[in-house]
Amino acid sequence: MTQRTDHGDFRELRLDRINRTFGSHHALRDMSLTIQVGEFVALLGPSGCGKTTALNCLAGLLPLSSGAIWLDDRRIDVLPSEKRGFGMVFQNYALFPHMSVRKNIGFGLAMRGVAKREIAERVDRAIRMVQLGQHADKLPGQLSGGQQQRVAIARAIVIEPPLVLMDEPLSNLDAKLRLEMRAEIRRIHTSVGRATVYVTHDQEEALSLADRIVVMKDGLVRQVGTPEDLYHRPANLDVARFMGFRNELAGEAEGNVIRHRDVALQGVRRDAGATRQAVAVFRPEDLEPVAAGANGIPVTVTAVEYGGREFHLTGVTAGGVELLARSRERVVVGDRLTLGVAPEQVLMFDAGGDAAPRGFAAAAE
Amino acid sequence: MTVDALPAATLPERQPVRIDRAAWLALPAVIFVLALFIFPFGYGLVLSFSPLEAAQGWLANYAKFFADPAYYGTIAKTLWLALPATLINVGASVPIAYRMRVPSGGQRFVTTLLVIPITLGTVLIADGLLTYLGPQGWVNRILLGLGLVDSPIRLVHNYTGVLLSLVVSGFPFTFLLTLSYITGIDPVLAQAARTLGAGPWRQFKEIYFPLLLPGLAVAFCLTFVQAFSVFPSAVLLGAPAGATRVISIAAYEAAFENYDFPMASAVAMIMGLVQLAITVLVLSGRRLVYRGPVGGGKG
C-alpha cells in the first residue's frame with residue numbers, strides 16, 4: 001500500500017524528559033526517548049509502571065506535568081489530541097458502536113474534511129489490508145474480537161499517521177488469535193512504514209514484535225535496547241527479572257564467582273561490581289540436572305510438572321532457596337540431585353540492584 | 001469446570017414444565033397491580049361507556065367530549081403546555097448533563113441540588129413561585145429596580161406561570177435521567193474520536209448525541225407524561241378557566257363539580273390515549289436510530 005502523506009514524513013519523534021504526576025503519585029519520571037521513522041518500539045513493564053501513561057501523554061489524552069515532545073523540530077506536546085494526528089488503537093478497541101465498519105474506519109478522514117470519493121477509496125484499501133471485505137457494512141457488535149481488533153487498527157492507520165500508538169491491543173484475544181494478530185500487526189507496521197509505539201506487559205509479545213524495547217518500572221525507564229540486548233544482556237535486576245531470569249541466589253561475590261553457603265557459582269558480572277553482596281540470576285531453561293561438578297547446586301526436588309518436551313521441576317537448596325529447572329529425564333519429588341548452569345548464563349548484579357543508573361535512558365540512545 | 005457442567009447437561013431430562021415454586025413470590029406484586037391499576041382502569045373504562053343518561057347510548061360521553069370546545073379544547077391547551085415544557089426540559093438537560101458527565105464534586109453538588117425540587121412536590125413549588133413571580137415578588141422588583149420594565153409584568157395566573165412551574169418541577173427528573181444515560185456512554189469512545197481529529201463539538205455530535213438519542217426518547221416520554229397530567233400548578237399558577245384549562249381540570253370538574261363520574265372517566269380515558277399516542281410515536285422513532293450497547297467493544 002503506497003501511502004500519501006498527510007503530515008509530511010518525519011525523521012524522529014523525541015520525548016525530552018517528560019514527567020506526569022497524579023497528585024502525589026509520580027507516574028512517569030524524566031522519560032527520554034527518541035523514535036526513528038520506521039521503528040517499532042515496545043513499552044514493556046508490569047501494570048502500574050507508567051507505560052500506558054506514557055502512551056496517553058504521546059496521544060495527547062493526558063497533559064504532561066513537565067517536559068516536551070518533539071516531532072522533528074515541531075513541538076507537539078502543546079497540541080490537543082485532535083491536532084496531533086496520531087493513530088491510536090485502544091485496549092478495548094473503542095469502536096463507535098453505532099457506526100458501520102466502513103464509517104468507523106472513515107471517521108478520521110471525515111474529520112479531516114477529505115472528499116467523499118477519496119474517503120471511500122482509502123477506506124476500501126484499508127479494509128482490504130486488514131481483510132475485512134465481507135464485513136464492511138456490519139456494526140462492530142456483530143464482529144468477533146479479532147475482527148473488531150482489525151477494524152480498530154484499520155481506523156488508526158487509514159489517516160496515515162506519523163505514529164501509531166497501540167495500548168495492549170491483543171490482551172482481550174484468545175491465545176491462538178493473539179499469535180495471528182501479532183504477525184498481522186508486524187506486517188501492517190512494515191507496509192505502512194511509519195513508526196509504532198506498542199504498550200504491553202507481555203515480554204514475549206514485545207520480544208517478537210519490536211525493533212527496540214523500553215523496559216519501565218515505577219515510572220522509570222530501566223533499559224532501552226533491541227530484543228536480543230534485553231534478552232541476553234539485561235542491564236539491571238529489574239529488567240533481568242522481567243526477561244525470565246526467575247532463579248535468584250544472593251551471596252558474596254569475588255570476581256566472577258558468587259558464594260551462597262556451600263555453593264560457588266561462576267557467572268558474568270553485569271554491573272560495576274561495586275559491592276561484595278551480589279545476586280546471581282539465571283533462567284529455569286538454563287538449569288538442569290548434571291553430574292556433580294562445576295557450577296552445580298545440590299537441591300531436593302519438591303515439585304515436578306510434566307511439560308511435554310521436558311519436566312519442569314522445583315528444587316530447594318540446603319539454604320532453603322527455591323530454584324526452577326528443566327529436566328529431560330523423569331524426576332520425582334524427593335530426589336536429591338545437582339542442578340548445573342553454564343557460567344555464561346549466570347548474570348551477577350550488585351545486591352540492592354534497585355540503585356540502577358537513572359540516566360540509563362539517555363545512555364541507551 | 002467440566003464437573004460443574006454435568007448437572008446442567010442433565011437438565012432436559014427433568015420433569016416437563018412445572019411452575020417454579022419461587023414464582024409464587026411474584027404473587028403480592030401481581031395482586032398489587034391487579035387491585036390498584038388493572039381493576040381501576042378497567043372499571044373506569046367500563047364506567048366511561050355508561051353515561052348517566054343511558055338513553056343517549058354508550059358513546060354519549062365521548063360524543064359530548066368531542067362536541068364541546070370546553071372539553072376537546074383542553075387537549076390542545078394541555079399539549080400547548082406539556083410539549084414546550086418537555087422540549088425545554090430535555091433540551092436544557094442535554095448540554096448540562098454533557099458538561100457534568102465526568103464524576104466530580106460539582107456533579108454531586110448539582111445532583112443533590114436538583115433532587116430537592118423533586119422531593120418538595122408540585123404544590124409547594126407552585127406556592128413558592130406564586131410569591132416569587134408575583135407582582136410584588138423578587139423577579140418583578142428586580143426588573144423594576146433595574147428599570148427594565150415600567151410596571152410589574154404578569155408571570156402568574158397565566159400560561160407563563162404554569163409553563164415555568166412545569167420546567168422547575170420537571171427539569172430535575174429529566175436531567176437526572178439524561179445524566180444517567182450520558183454517564184453510561186464509554187468516555188473512551190470520545191477519546192478515540194479525539195485521536196482521530198474530532199474537536200469537542202464533533203465528539204458530541206458524532207459520538208455522544210447519536211448514542212444518547214434512544215435514552216433521550218425515553219426521557220422525553222416520561223417527562224411528557226408527567227407534564228401532560230399537570231393539575232396543581234395549572235390551578236394555582238395558571239388561569240384554570242382560560243388559557244391553562246388543562247384536561248385534568250376538565251376531568252376534575254366533571255367528577256367533583258358536576259358529579260358526573262362516567263364523564264370524568266371518559267375524559268381520563270382520552271387523556272390516557274393522548275399520552276399513549278405521543279409515547280408510541282416517540283418510541284417508535286427510536287427504531288430509526290442505533291439502540292445497541294454504548295460501550296467501545298468487548299469486555
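Above this text sits the structure in question.
Residues numbered from 1 in each chain as written. Chains lettered and ligands numbered in written order. Predicted model: local features only at pLDDT ≥ 70, side-chain atom pairs only at ≥ 80, totals over all residues. Heavy atoms only, no water.

Caption draft 1: Inspection of the overall build of chain A at higher detail. Helix and strand counts for chain A come out as ten helices and 21 strands. By principal-axis analysis of the C-alpha atoms, chain A measures approximately 75 × 45 × 35 Å. A burial count over chain A gives 54% of its 365 residues as buried. Taking as baseline every contact in chain A between residues at least 6 positions apart, the subset at least 24 positions apart corresponds to 70%. When the accessible surface of chain A is totalled, it reaches about 15,800 Å², and 49% of it is carbon and sulfur. One finds the centroid of the 46 positive side-chain charges in chain A at a distance of 5 Å from the centroid of its 45 negative side-chain charges. (Helix = DSSP H or I, 4+ residues; strand = E, 2+ residues; numbered from the N terminus. Buried < 20%, exposed > 50% of the residue type's maximum accessible area, 1.4 Å probe, protein only. Contact = heavy atoms within 4.5 Å. Areas by Shrake-Rupley, 256 points an atom, 1.4 Å probe, with all protein chains shown as cover. Lys, Arg positive; Asp, Glu negative; His and termini not counted. Charge placed at Lys NZ, Arg CZ, Asp CG, Glu CD.)

Caption draft 2: Highlighting the side chain of N56 of chain A. Residues and elements named next belong to chain A. Considering the arrangement of structural elements, one finds N56 in helix 1 (residues 51–59). The buried category is assigned to N56, whose relative accessible area is 17%. Setting aside anything within four residues of it in sequence, one finds N56 in contact with L61, L62 and M88.

Caption draft 3: Layout of the interface of chain B and chain A. Each side of the interface is counted separately: chain B has 25 residues, and chain A has 28 residues. Of the roughly 2,200 Å² buried where chain B meets chain A, counting both sides, 63% is carbon and sulfur surface. The interface formed by chain B and chain A holds one salt bridge in total. There are four residue pairs in polar contact (both at pLDDT 80 or more) connecting chain B and chain A. Going through the elements one at a time, helix 9 (187–195) and helix 10 (200–228) of chain B are the ones with two or more residues in the side of chain B that touches chain A. Counting residues per element, the side of chain B that touches chain A draws most heavily on helix 9 of chain B, which supplies seven residues. Across the side of chain B that touches chain A, the residue classes tally to 13 nonpolar, seven polar and five charged. (Buried area = accessible area lost by both parts, 1.4 Å probe. Salt bridge = Lys/Arg side-chain N within 4 Å of Asp/Glu carboxyl O. Polar contact = N/O pair within 3.5 Å; in protein donor to acceptor, adjacent residues only side chain to side chain. Nonpolar A, V, L, I, M, F, W, Y, C, P; charged D, E, K, R; others polar.)

Caption draft 4: Broad picture of the side chain of N61 of chain B. If you trace the backbone, N61 of chain B turns up in helix 3 (residues 60–67). Contact partners of N61 of chain B, with chain neighbours within four places excluded, come to L47, S48, S50, P51, P262, M263 and A266 of chain B.

Caption draft 5: Local environment of the sheet that holds strand 1 (residues 12–22) of chain A. All names here are of chain A. Strands sit in the order 2-1-4-5 across an open sheet of four strands; the sheet is antiparallel. On the outer flanks of this sheet lie strand 2 (25–36) and strand 5 (74–75), each paired with one strand and no other. In terms of strand pairing, strand 1 meets strand 2 through eight bridges, oriented antiparallel. When the bridges of strand 2 are listed, L15 appears paired with L33. Contacts between helix 1 and the sheet are confined to strand 1, strand 2 and strand 4 (66–71), with strand 1 contributing the most and set at about 115 degrees to the helix. (Pairing = 2+ DSSP bridges. Axes fitted to C-alpha atoms, helices over the stretch in contact; angles between N-to-C directions.)

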